[in-house]
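Topology and contacts: notes
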Amino acid sequence: MIATSTKIHNFSAGPGILPIDVLKQASEACINFDNMGLSLLEISHRSKNFIAVMDEARQLVKDLFEVGDDYEVMYLGGGASMQFAMVPYNLLTQNGTAAYLNTGVWASKAIKEAKILGNVNVVASSEDKKFTYIPKGYEIPKDADYFHCTSNNTIYGTQMKAFPKSPVPMVCDMSSDLFSRKVNAKDFSLIYAGAQKNMGPAGSTMIMVKKDILGKSGRKMLSMLDYNVHIKGESMFNTPPVFPVYVSMLTLRWLKQNGGVEWIEKINQAKADALYNEIDRNSCFVGTVAKEDRSFMNVCFLPTKPEYEAEFDKLAKTYNLSGIKGHRDVGGYRASLYNALPLESVNALVEAMKEFESKFA
Ligand SMILES: *Cc1c(COP(=O)(O)O)cnc(C)c1O
């Protein structure tokens, strides 16, 4: 079972909920890390105790993704947004073209950065319907330098249920569904994720890359933007974000010890099923996206009458539901069901929706 810190049900889209055991260990480490009598925050990142943290944090990603030593893992600052720039900077060649799938705000931002550095071919987009579905049946050109997609669209609540067979290295922004479900990691040449959605606090980004795609950009590389520099430095080319890396390590350790991605996928499926079933059943709410593309992580729904919103907000407070307000681009509600959110929190939301219908429908 996943315990919560308080009786508040935290559906925040990001930074998102973390396991309470992780938060407790992280708090203790701020005072007395590894029984050193020192805070994690006041020791050298090159101390053997912190090097052990970084090594474990990197190894856990490979373990959970079940990949071998042809992949490298880094933890860097700058957020997932920095990867919008670093990906084309490292992978896009002078006369080459990068293929992008446009499924929302984050994908669009990635495209914008890539266009500054070279040629971009947007192979498909769901902008025509306000990003409420995932495009399918598009073709990825065989001569592209790489193909970039976003596995889960945090703002709109859509998720890629399948990935294309890409003839070129596939790059994926997995910020908001990393380790929430099984994916075949070996199909990807680069995966990145900002930690603050599903693996830790804000401040570090995990990047896993297949070594053989690097070093081909033909660019004169700035050190801080060069993956090879960070790989060589074992994510310590400069001072790494020590606390976010530590908490991410604890969260991944928590996941692995409890049964890994297979374990959490079942729980995530149960949470998503419970909430979507209620959205479809309840006459006061309606889902916002194509059913086959519904995200198991970010569930977006609208009240069927605008005047319901103020009343449901009031009721939600009495159920201790926190962070369910929808993104400003979509409105209504967004419940984020990240790994650390227990099923009981979803049940509380479902109960509130039922009570609402019985009072107001
Ligand atoms: C939140 C988010 C980002 C941006 O992350 P930052 O760490 O704030 O840069 C990028 N992609 C996706 C899918 C996100 O959910």
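Note that the coordinates shown come from a computational prediction; the quantities given were computed from them, not determined experimentally.

All told, the structure shown has 17 salt bridges when counted by the stated rule. The residue Lys136 makes a salt bridge to Asp293 at a minimum N-O spacing of 2.9 Å. Residue Lys136 is located in the loop between strand 4 (119–125) and strand 5 (146–150), and its partner Asp293 is located in the loop between strand 11 (285–287) and strand 12 (298–303); the two are separated by 157 residues in the primary sequence. Here Lys136 falls in the exposed class, since its relative accessible area comes to 52%. Note that Glu357 is salt-bridged to Arg281, the shortest N-O span being 3.0 Å. On the criterion of sequence distance, the pair formed by Glu357 in helix 10 (residues 343–360) and Arg281 in helix 8 (residues 260–281) is long-range, its members being 76 residues apart. Given a relative accessible area of 17%, Glu357 falls into the buried group. Among the ionic contacts, a cluster of salt bridges with common partners joins Asp55, Arg58, Glu72 and Lys211.

Once that is clear, we can look at the state of the cysteines. A full pass over the atoms with the stated rule returns zero disulfides. With no disulfide of its own, Cys284 lies closest to Cys300 among cysteine sulfurs, the gap being 19 Å. Residue classification places Cys284 among the buried residues on the basis of a relative accessible area of 0%.

On to empty space enclosed by the protein. For the structure on display, the rule yields one cavity of 30 Å³ or more. Considering only enclosed or pocket space, the largest cavity measures out at about 30 Å³ in volume. When the residues that make up the lining of the largest cavity are grouped by side-chain class, the tally is six nonpolar, three polar and no charged.

Spatially, 11-12-14 is the arrangement adopted by the three strands of the open sheet, whose pairing is antiparallel. The open sheet terminates on both sides in strands that have one partner only, identified here as strand 11 and strand 14 (333–336). Strand-to-strand, the axes of this sheet are offset by a mean angle of 35°, without reference to chain direction. Across the sheet, helix 8 touches strand 11, strand 12 and strand 14, and the angle it forms with strand 12 is around 15°.

Conventions we followed
Residues numbered from 1 in each chain as written. Predicted model: local features only at pLDDT ≥ 70, side-chain atom pairs only at ≥ 80, totals over all residues. Heavy atoms only, no water. Salt bridge = Lys/Arg side-chain N within 4 Å of Asp/Glu carboxyl O. Helix = DSSP H or I, 4+ residues; strand = E, 2+ residues; numbered from the N terminus. Buried < 20%, exposed > 50% of the residue type's maximum accessible area, 1.4 Å probe, protein only. Disulfide = S-S within 2.5 Å. 1 Å grid on protein atoms, 1.4 Å probe; cavity = no way out; pocket = protein on both sides within 12 Å on 5 of 7 lines; lining within 4 Å. Points joined across faces, edges and corners; volume = space filled by probe spheres on them. Nonpolar A, V, L, I, M, F, W, Y, C, P; charged D, E, K, R; others polar. Pairing = 2+ DSSP bridges. Axes fitted to C-alpha atoms, helices over the stretch in contact; angles between N-to-C directions. Contact = heavy atoms within 4.5 Å.

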